[in-house]
Amino acid sequence: MSEKFADWEKLFIFYLKRDWKKILLWIIFLGLFAGGFVPAVEATAEDQGLIAMYKILRNPSMTAIVGAPPVETAAHYTLGALYSHNMLLFSSLFFSIISILHVISHTKKEEDQGLTEYISSFKVGRQANSFSVLIETIFINTLLIPVIGGVMLNFISDSITVEGIFLYASSLAMAGIMGAALALVMAQIFPSSAGATGASLSILGIVYVIRGITDITNTDLSMLNPMGWIYLTRPFTENNWLYLSFGIIFFLIVSVIAFALESRRDINTGYLPENQGKTKASRSLLSVLGLFFRLNRGIIISWFLVFIFLGVAYGSIYGDLQVFVESNEFIAEIFSFEESSIEDHYTKTIIMVLVSLVSILPIIIINRLFTEERQLRLNQLFSTKVTRARFYWTNIILGIFTGFIGVGLVSGFLGVTGLTVMKGGGNSSITFSDFLATGYNQLTTLLFIAGLTAILLGWLPKLSVLPYIYLGYSTIINFGNLVTFPKWMENVAIQTWIPDMPTEDFNGTIFIIIIGISLVMIVIGYIGYNRRNLIEEY
């Protein structure tokens, strides 16, 4: 038995050295994200904010997102309870997803690339690689416990206790560890890394949806759900450590199954047969557009479902919006209003945020061209009569078109849900067409981000992360009226230049200018893409 895992510790140390930059970013990002929002939540809880937030989060759609409230009455809803209720389940998704991607990228994906076979040629156990990757993931998630704890200890109060802090951090670490075990099983079952990744994330999504249903209908059933164990620890209220033991048992059982499956299969195989596909390709694959749509189909469908979900979730808040905003000076500052209604100001702010999220999809699709290029998957096509121009423009058009549909989905479902729950209430005369107009007014943000991505694709493709950073920066700069930034910082953000409909009038001149700038950026990107050498990093 020990021979199968021989010298795993050497691989473990090697992987830490190899991944140290990734691990550092992983720990900093998740540590600050999970533990650093206490001041913002504390500001939200001032005045009558706790009671308002309790009422908002008891809304069935919000319960499906963040889980059932940890207390029965608003009187017992403390700052600690609000923080864990808001952050715990949502943060656990990030912990699980990142752990899943890490495990599969260093197990099944390395098998696909032939690296596992190369490592196995040395004097290491047959399963040493998988075991060391699993231990590395456990180590990283465990290291996050003191990091999150250290961040949150700066905000300790009567309701945010030391025990609650470390239970909160441990619950998140357990979410990541359970995600790693799930990924390792899927890596054995599926014949490719793409299949293993898709299956792992699909199972995570299904478990999340089932938990949302049981939280609304019967909370007791959530105790049977592994994702329910994360937030049922109830940090800062019940401090129930028992559910962590359920997570440990789950991890051990699933890990044993994963290693048992791995011991009985060959490298580069899976228990499910590899899909051989059709003997003849469909006619849609005869075109470049059909090819790139097929490559991005899963991503496009997944993001469209997310857009619909977000539109419905945030639209359901309109019914309680008046109470929510008036209960707290901090919230009123975000959705500050003088002449317009609360609903109008909420609409302009939330659509700005949602369209920023929609803008991520074109970045992913446009960058897919570089991903395929770097992995040598387009070499045969580049040698044909199909020009680079066709690849480039097809990918750009597909990214912008899917973004156009995404804006319609978030705006439309936000509008339908919001108008349904308001039922004529509130002081707003906002209509469904106003929702769509506000959304497509923000389309210029999406086009500008697509143009920035196109320039980098053409000239500096290895800096493809910059559009994400700029998009996040621009969104934060323009979110509410929380902080006054220097004028030059505001002017750099694209959303600063876009009128805030429906509280402001549409400005056709600005709309056309930004579209023109975006098109120029895309053309400049094409010039660079057409001139530069292909980058191959297989």
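This text follows the structure it describes.
Scope of this entry: the structure provided in the associated data block. No experiment lies behind these values; they were computed from the predicted model shown. (Residues numbered from 1 in each chain as written. Predicted model: local features only at pLDDT ≥ 70, side-chain atom pairs only at ≥ 80, totals over all residues. Heavy atoms only, no water.)

### Describing the overall build of the chain
- Assigned secondary structure in the chain consists of 25 helices and zero strands.
- Relative to the compact-globule value of 24 Å for 538 residues, the chain shows a C-alpha radius of gyration of 25 Å, a close match.
- C-alpha extents for the chain along the principal axes are approximately 75 × 60 × 45 Å.
- Taking all 538 residues of the chain together, 49% fall into the buried category.
- Long-range contacts, defined as pairs at least 24 residues apart, comprise 79% of the intrachain contacts of the chain with a sequence gap of at least 6.
- Of the roughly 25,200 Å² of accessible surface on the chain, 66% is carried by carbon and sulfur atoms. (Helix = DSSP H or I, 4+ residues; strand = E, 2+ residues; numbered from the N terminus. Rg over C-alpha atoms; globule rule 2.2 N^0.38 Å. Buried < 20%, exposed > 50% of the residue type's maximum accessible area, 1.4 Å probe, protein only. Contact = heavy atoms within 4.5 Å. Areas by Shrake-Rupley, 256 points an atom, 1.4 Å probe, with all protein chains shown as cover.)

### With respect to the packing of helix α10 (residues 162-189) against helix α13 (residues 242-263)
- At a minimum axis separation of 9 Å, α10 and α13 run at an interaxial angle of 20°. Relative to α13, α10 is oriented roughly parallel. Considering how the two elements wind past one another, α10 and α13 form a crossing that is left-handed. Of the residues in α13, those in contact with L167, S170, S171, M174, I177, M178, A181, L182, L184, V185, Q188 and I189 of α10 are L244, G247, I248, F250, F251, V254, S255, A258, F259, L261 and E262.
- When grouped by side-chain class, the residues that make up the contact of α10 with α13 number 17 nonpolar, five polar and one charged. (Axes fitted to C-alpha atoms, helices over the stretch in contact; angles between N-to-C directions. Parallel < 35°, antiparallel > 145°, perpendicular 65-115°, else oblique. Left-handed = near helix turned anticlockwise from the far one by under 90°. Nonpolar A, V, L, I, M, F, W, Y, C, P; charged D, E, K, R; others polar.)

### Topic: the nonpolar core
- In this structure, Y77, L82, F95, I148, M152 and Y168 are the most contacted members of the largest nonpolar core, which totals 119 residues.
- Ranked by the residues each element gives to this core, the list is headed by α10, at 17 residues.
- Beyond its immediate stretch of four places on either side in the chain, Y168 contacts A34, Y83, S84, M87, L88, S91, I148, M152, P235 and F236.
- Counting residues in hydrophobic clusters, the runner-up holds 10 residues, among them F448, Y470, I498 and M521. (Core = buried A, V, L, I, M, F, W, Y, C linked by side-chain atoms within 4.5 Å.)

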